[in-house]
Every structure is written in C-alpha cells, then in structure tokens.
Amino acid sequence: MDLKEAIYNRRAVRNFTAEPVSENVLRQLIEAAIQAPSAVNQQAWTFSIVRDKALLARISREAKAHMLRTSPFAAASPHFQELGNPEFDIFYHAPVLIVISAPAESHWAVEDCALAAENMMLAACAAELGTCWIGFAQSWLGTPEGKAALKLPDGSKPVAPIIVGHPKSPAPAVPRKEPKINWVS
Ligand SMILES: Cc1cc2nc3c(=O)[nH]c(=O)nc-3n(C[C@H](O)[C@H](O)[C@H](O)COP(=O)(O)O)c2cc1C
C-alpha cells in the first residue's frame, strides 16, 4: 500500500477479531511512529503497550466513571450516552492499547505524540490492521492512578491512547466536510 492509499484508507476501526497482534508487528508500528518529527528533535515519547484483558477492562471502567464524574458535558451529551453503560468497552475489545506519552514539562508533548500517533495509524493501515484514537481514555490516564496503571512516572503526560487489532470488517468511510481555506494573499 502506498502512502496515498494509507492516508485515504485509514479509518477509525471499532470492531476487532480476537487475533492477537505479534510483538514483532507492534515493534514495526513503533518504528514507524518514531519517524515522526518532534519539537527540538527531543523524541521524548514513551509507548506503553497494554495487552492484558483485565487491565484493559479496568482502564475502560475507570475512564468511563472519570468522564462522567468530571465532565458535565459528557453526562449531558448524546454522543457520550454509552459512557453510562456498564457493558460498553471504550476499547471495543481490541487486543492491544498503545498509549503514547511524553514528559508533562515538554512544551510540545501533545504535538509530538499526536504526530507519532498518526504515523503509527497509517503504518497499521498499511499492515491491514485497524486502529482508533480513544479520547475517552485520556482524562483518566492522566490522573496519578491512570499513570500508575501504565507504570508511568508522575511527570508523564499520556496523550494518545491508540487501540490496535485485526479488523472484523472494513470500517465505513466517514465523509469529510469542505475544508475552510483562507487564501490570505
Ligand atoms: C483526539 C481524538 C479522540 C477520539 N476519541 C475517540 C473515542 O474516544 N472513541 C471513538 O470511538 N473514536 C474516537 N476517535 C475517532 C474519531 O471519532 C474518528 O477519527 C472520526 O469519527 C473520523 O473517522 P475516521 O477516523 O474513520 O476518518 C477520536 C479521534 C481523535 C482524533
């Protein structure tokens, strides 16, 4: 798959088979991720890999409760209705979660991790794997308990929780809005 195909074929995948993703493939995805640019070439990212089902279930449970507790918007919005459903797994039963973090003190932690995440998602697509950025997990993973669950030091900032797995079925394309283009001169 060439770059253009990966860019246009990548979709948020929310339906996975139970097939595990091998360590070798996970290492290849991380190799692709670290080819991303980083501010002042710090490359200060850490990739936390979670494959334990019980830990994934715990993070899902804690993250839902945290969102409902701390975000009045989450409790009110129809988009977030599933958060109150004990059956809802925010990771859609994916076999792997990769959380990309950077030191919280880094001025560009979010930018660096997001760029690495996109590289990783494109590389996964080219390897016929599905991925989805799980924003629902972010708030709780940023708490002391969340960082402890990932065995990260307290000075870390988890930015990009990305699920990875073998798609059960192709994810439908999501239409794009017309971009607002501001031709300044
Ligand atoms: C920062 C961010 C947070 C997201 N959080 C979630 C999430 O918590 N759950 C989910 O199912 N999808 C999540 N997504 C995926 C988006 O819903 C998805 O990318 C969007 O609908 C466009 O679809 P596409 O990726 O297939 O083009 C997130 C995407 C981004 C970039």
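Just above, that's the structure.
Residues numbered from 1 in each chain as written. Predicted model: local features only at pLDDT ≥ 70, side-chain atom pairs only at ≥ 80, totals over all residues. Heavy atoms only, no water.

(A) Here's a closer look at the site of the ligand. By nearness alone, every residue bordering the ligand is listed as Arg10, Arg11, Ala12, Arg14, Tyr92, Cys132, Trp133, Ile134, Gly135, Phe136, Val174 and Arg176. Separating an oxygen atom of the ligand from a side-chain N or O atom of Tyr92 is a distance of 2.5 Å. Protein chains bury 66% of the 610 Å² of accessible surface belonging to the ligand in isolation. Grouping the constituent residues of the shell around the ligand by class yields 7 nonpolar, 1 polar and 4 charged. (Near = heavy atom within 4 Å. Polar contact = N/O pair within 3.5 Å; in protein donor to acceptor, adjacent residues only side chain to side chain. Areas by Shrake-Rupley, 256 points an atom, 1.4 Å probe, with all protein chains shown as cover. Nonpolar A, V, L, I, M, F, W, Y, C, P; charged D, E, K, R; others polar.)

(B) Representation of the layout of surface pockets within the structure. Quantified by volume, the largest pocket comes out at close to 330 Å³. Lining the largest pocket are 17 residues, and of these Lys53, Leu56, Ala57, Asp89 and His93 lie nearest its centre. When the residues that make up the lining of the largest pocket are grouped by side-chain class, the tally is 9 nonpolar, 3 polar and 5 charged. The space that makes up the second largest pocket amounts to roughly 220 Å³. (1 Å grid on protein atoms, 1.4 Å probe; cavity = no way out; pocket = protein on both sides within 12 Å on 5 of 7 lines; lining within 4 Å. Points joined across faces, edges and corners; volume = space filled by probe spheres on them.)

(C) Here's a closer look at the pattern of salt bridges. In total, this model carries 3 salt bridges according to the counting rule given. One salt bridge in this structure joins Arg27 and Glu23, with 3.0 Å as the shortest N-O distance. Note that Arg27 and Glu23 are positioned in helix H2 (residues 23-33) at a spacing of 4 residues, about one turn of the helix. Judged by its relative accessible area of 54%, Arg27 falls in the exposed class. Asp154 is the salt-bridge partner of Lys147, the closest N and O atoms lying 3.8 Å from each other. Accessibility expressed as a relative area gives 53% for Asp154, which makes it exposed. (Salt bridge = Lys/Arg side-chain N within 4 Å of Asp/Glu carboxyl O. Helix = DSSP H or I, 4+ residues; strand = E, 2+ residues; numbered from the N terminus. Buried < 20%, exposed > 50% of the residue type's maximum accessible area, 1.4 Å probe, protein only.)

(D) Local environment of the packing of aromatic side chains. Summed over all chains, the structure comprises 3 aromatic pairs. Ring geometry for Phe88 against Phe136: centres 6.5 Å apart, planes inclined by 85°, an arrangement best described as edge-to-face. Of this pair, Phe88 sits in the loop between helix H4 (72-76) and strand S2 (96-103) while Phe136 sits in the loop between strand S3 (130-133) and helix H6 (138-141), and the two are 48 residues apart along the sequence. One aromatic cluster in this structure is built from Phe80, Phe88, Tyr92 and Phe136. Lys4 extends its terminal NZ or CZ atom over the ring of Tyr8, reaching a point 6.0 Å from the ring centre. (Phe/Tyr/Trp six-rings, centres within 6.5 Å; stacked < 30°, edge-to-face > 60°. Lys NZ or Arg CZ within 6 Å of the ring centre and 35° of its normal.)

(E) Broad picture of the side chain of Lys147. Of note, Lys147 is situated in helix H7 (residues 144-149). Discounting residues that sit within four places of it in the chain, Lys147 has contacts with Leu141, Gly142, Leu152, Pro153, Asp154, Ser156 and Pro158. (Contact = heavy atoms within 4.5 Å.)

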